[in-house]
Amino acid sequence: GRGDREEAAATIDAALLEESVEDLYEHAPVGYLSTLPSGLAVKANETLLALTGYRREELVGRRRLHDLLAPGARIYYETHYAPLLQMQGTVNEIAVELIRADGSRIPVLLNSTLVRDVSGAPRVIRTTVFDASDRRRYERELQRLRDDAETRALAALALEHVHDGVMLLTRDGGIDVLNPAAE
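Residues numbered from 1 in each chain as written. Predicted model: local features only at pLDDT ≥ 70, side-chain atom pairs only at ≥ 80, totals over all residues. Heavy atoms only, no water.

Some remarks on the overall build of the protein
Now for step 1: Helix and strand content of the protein: seven helices and seven strands.
Now for step 2: Along the protein, from the amino end to the carboxyl end, the secondary structure elements read α-α-β-β-α-α-α-α-β-β-β-α-β-β.
Now for step 3: Taking all 183 residues of the protein together, the buried fraction comes to 26%.
Now for step 4: Counting contacts in the protein only where the partners sit at least 6 residues apart, residues at least 24 apart contribute 35% of the total.
Now for step 5: With an accessible surface of roughly 12,200 Å², the protein has 54% of that area assigned to carbon and sulfur atoms. (Helix = DSSP H or I, 4+ residues; strand = E, 2+ residues; numbered from the N terminus. Buried < 20%, exposed > 50% of the residue type's maximum accessible area, 1.4 Å probe, protein only. Contact = heavy atoms within 4.5 Å. Areas by Shrake-Rupley, 256 points an atom, 1.4 Å probe, with all protein chains shown as cover.)

Below, the structure written as structure tokens:
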């Protein structure tokens, strides 16, 4: 009854309250990277380390975000991302590729916020890193389907103007395409 639901809600609330902020940070569904304005990594969560394959001591205090970017993304970072971050204070949903510790690449979405001190000087950049591998596969599949549909549409248009009768059959012998001459 109602008492059971209230007790369950109280138990859930208590369990959520006991979850540590540090655990929430370390095992968030996105990678977190904090860098100095120079880009040098000063803090990274476990999610980011797992995503990139770096150990904390290989990344924090040793590498810059710039160092993790694929060559094309580095250029974009220097010419667009960093200047925009300085001007606006935030940059959202920038698609780039990171280079993992093993040299493989992973598509990600970056969101960054520039934190300034009381005098307005840049203090730290907080960046979230979202694994976009599934999204990239989905986008490629959509593009493949779009290209296939365009090819079929062009083929159908061409068949309408062919003077000979053309009939395309399905594997089970049904008619898939029939041009006007074949009708």
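Describing the packing of aromatic side chains
Now for step 1: With the rule as written, the count across this model stands at two aromatic pairs.
Now for step 2: Arranged with centres 5.3 Å apart and planes meeting at 5°, the rings of Tyr 25 and Tyr 32 form a pair that is stacked.
Now for step 3: Relative accessible area serves as the criterion here: at 16%, Tyr 25 is assigned to the buried category.
Now for step 4: On the basis of relative accessible area, Tyr 32 is assigned to the partly exposed category, the value being 29%.
Now for step 5: For the pair Tyr 77 and Tyr 81, a centre-to-centre distance of 5.2 Å together with 25° between the ring planes defines the contact as stacked. Placement of both Tyr 77 and Tyr 81 in helix H6 (residues 71-88) is noted, with a separation of four residues, approximately one turn of the helix.
Now for step 6: By relative accessible area, Tyr 81 is classed as buried at 3%.
Now for step 7: We note Lys 43 situated over the ring of Tyr 25; from NZ or CZ to the ring centre the distance is 4.7 Å. (Phe/Tyr/Trp six-rings, centres within 6.5 Å; stacked < 30°, edge-to-face > 60°. Lys NZ or Arg CZ within 6 Å of the ring centre and 35° of its normal.)

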